[in-house]
Amino acid sequence: MSEDDANRVIRTLKTCLTYEGNLAGFAGGPWQMAHCAPTYAAVLALSIIGGNSGTYSHETCKAAYEAIDRNAMYKWFLSLQHDYSVNLKSGKRIKRFGY
């Protein structure tokens with residue numbers, strides 16, 4: 001992937017970062033509710049870009065890592081925890097998976 005494409009991915013994923021107060025997770029698209037699946041995919045994609053310093057410039061790698069609000073995302077994941085399972089998104093407890 002070219003440097004321009006990597007920067008486009010970063011910009012696009014930043015629009016999918018959803019805040020609920022001081023909690024943050026990635027949604028499937030802009031203005032949608034955060035969900036575990038797109039959060040997992042977004043963090044992996046940004047980590048791949050950020051970890052390729054041999055391919056991308058320092059600024060691009062840094063932007064990829066900075067697109068992940070680690071503190072807010074950690075709090076968001078903790079808010080999904082319920083008993084011995086995790087809700088896939090905040091609010092409804094219809095679908096949960098065990099850990």
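Please refer to the structure placed before this passage.
Residues numbered from 1 in each chain as written. Predicted model: local features only at pLDDT ≥ 70, side-chain atom pairs only at ≥ 80, totals over all residues. Heavy atoms only, no water.

**Focus on the environment of K75**
Position of K75 relative to the elements: it lies in helix 4 (residues 70-80). With a relative accessible area of 40%, K75 lands in the partly exposed category. For the pair K75 and N22, spaced 53 residues apart in the sequence, the C-alpha separation amounts to 7.8 Å. Contact partners of K75, with chain neighbours within four places excluded, come to N22 and L23. (Helix = DSSP H or I, 4+ residues; strand = E, 2+ residues; numbered from the N terminus. Buried < 20%, exposed > 50% of the residue type's maximum accessible area, 1.4 Å probe, protein only. Contact = heavy atoms within 4.5 Å.)

**Here's the deal with helix 4**
Owing to its 3.6 residues per turn, the α-helix aligns residues three or four sequence positions apart on the same side. Among the residues of helix 4, A72, M73, W76 and L80 are the ones counted as buried. End-on, the buried residues of helix 4 take up no more than an arc of 100°, which puts them together on one face. Exposed residues pointing more than 90 degrees away from the buried face of helix 4 are listed as N71 and Y74. (Arc of directions from axis to C-beta.)

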